[in-house]
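Structural description and commentary
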Amino acid sequence: MGYGGNTSCVSLDIPGADPIVFDLGTGLRYFGRAVRGGRPFRGTSLVSHLHWDHIQGLPFFTPLLSDGAHITMYAPRQADGTSVADIFADMIRPPLFPVDLMTLPGTVEFREVCNDEFEIDGGPAGPISVMSRTIPHIGRTLGYRVEWNGGSVAYLSDHQMPSDGSFAAEDGALELCRDVDLLIHDAQYTNDEFAVKRDWGHCTVDYAVWIAAEAEARQLALFHHDPTHDDDVLDGLVRGAAEVGAEQGVRVFGAREGSCVIV
Ligand SMILES: [Zn+2]
Ligand SMILES: [Zn+2]
């Protein structure tokens, strides 16, 4: 009720540029309401991976129901070569959805990426730099780092920590997080929960604080809360993590639906 129950979706607003959205979970419906009218929606999505909780908001994104609307979607190139466009076309079609993705008035342009660096055209804001790196989860998964005008944000929503509970990270994950202004990172489990879900693709709150400190991130948003945690549990986890983070020079807070962070 407090932190919010929607699945992963974070919008990144760069003055003068079209919106960038990390993931397309159910939170995308709320972002759709906030989109200003007047001209067809244009924006970019950086999709971490294709698990339901990260893509299921797309067919409910009402700005896509206008002629001329356009989303450029970056998503991980699949290890088995299956095209991401085909996967979405298979998901958004009868009998799973009333209409085909291709019959929606707006268009989605798919771009498959892996360990890459690329630029998004920010219009008057100029080029926006993006780094994508594979990170451990279940299935091909990317973390992203976006930089513009000296500011940086990293997004690692689903990140498997070492299953023995130790604190270590692949070079690519650390590269994404290094000196970042804001790190949005998986923080799904308590240590006790991780002990029985060691290979479920996620990490602990303690691990999130560790990687933020290790990479010298300035702020850490604890993200991808476990759906069984209520507000009281999350308040406790956030409070403890904020204390540990403060000792290591990292401002730690819990990602909360509708909250806005200025970097
Ligand atoms: Zn996942
Ligand atoms: Zn997820």
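It should be emphasised that the depicted structure is a prediction, and the values quoted were computed from it without experimental measurement. (Residues numbered from 1 in each chain as written. Chains lettered and ligands numbered in written order. Predicted model: local features only at pLDDT ≥ 70, side-chain atom pairs only at ≥ 80, totals over all residues. Heavy atoms only, no water.)

1. Side note on the coordination of the zinc ion (ligand 2)
Only Asp53 (OD), His54 (NE2), Asp158 (OD) and His224 (NE2) from the protein coordinate the zinc ion (ligand 2), and they sit 2.1 to 2.2 Å from it. Because the angles between the four donor atoms bound to the zinc ion (ligand 2) fall within 89 to 169°, the donor set is best described as irregular. Sequence spacing of the donors to the zinc ion (ligand 2): D-H-x103-D-x65-H. (Donors = N, O, S within 2.8 Å, 3.2 Å for Na, K, Ca; no water. Tetrahedral: all angles 85-135°; square planar, octahedral: opposite > 155°, others 65-115°.)

2. Thoughts on empty space enclosed by the protein
Applying the stated criterion across every chain yields a total of two cavities of 30 Å³ or more. Quantified by volume, the largest cavity comes out at close to 50 Å³. Forming the walls of the largest cavity are Val21, Leu24, Leu28, Phe31, Phe41, Gly43, Thr44, Ser45, Phe61 and Ile71. Secondary-structure elements contributing two or more residues to the lining of the largest cavity are helix H1 (28-34) and strand S3 (42-46). With three residues, S3 is the single largest residue contributor to the lining of the largest cavity. When grouped by side-chain class, the residues that make up the lining of the largest cavity number seven nonpolar, three polar and no charged. Looking at the second largest cavity, its volume works out to about 30 Å³. Considered class by class, the residues forming the lining of the second largest cavity number six nonpolar, one polar and no charged. (1 Å grid on protein atoms, 1.4 Å probe; cavity = no way out; pocket = protein on both sides within 12 Å on 5 of 7 lines; lining within 4 Å. Points joined across faces, edges and corners; volume = space filled by probe spheres on them. Helix = DSSP H or I, 4+ residues; strand = E, 2+ residues; numbered from the N terminus. Nonpolar A, V, L, I, M, F, W, Y, C, P; charged D, E, K, R; others polar.)

3. A look at the environment of Leu101
The residue Leu101 is located in the loop between helix H3 (84-91) and strand S5 (107-113) in this model. Not counting chain neighbours up to four residues away, the residues in contact with Leu101 comprise Phe88, Ala89, Ile92, Val108 and Phe110. (Contact = heavy atoms within 4.5 Å.)

4. Remarks on the layout of surface pockets
By volume, the second largest pocket is sized at about 280 Å³. If you go around the second largest pocket, you meet 17 residues; those closest to its centre are Asp18, Thr44, Thr72, Ile120 and Asp121. When residues of the lining of the second largest pocket are traced back to their parent elements, those giving at least two are S3, strand S4 (70-76) and strand S6 (116-121). A per-class count over the lining of the second largest pocket returns five nonpolar, seven polar and five charged.

5. Examining the sheet that holds strand S12 (residues 251-254)
Reading across the sheet, the seven strands line up as S6-S7-S8-S9-S10-S11-S12 and stay open at both edges, with mixed pairing between neighbours. The open sheet has two edge strands, S6 and S12, and neither has a second partner. Looking at each pair of strands side by side, their axes are set apart by 20° on average, direction ignored. Relative to strand S8 (residues 142-148), strand S7 (residues 127-134) runs antiparallel, the two being bridged by six bridges. Residue pairing for S8: Ser129 is matched across the bridge by Glu147. Packed on one face of the sheet, helix H6 (residues 205-214) meets strand S10 (182-186) and strand S11 (219-223) and runs near 150° to S10. Packing against the sheet, helix H7 (residues 231-247) makes contact with S11 and S12, and its axis sits at approximately 170° to S12. (Pairing = 2+ DSSP bridges. Axes fitted to C-alpha atoms, helices over the stretch in contact; angles between N-to-C directions.)

Just distances and angles here, no functional claims.
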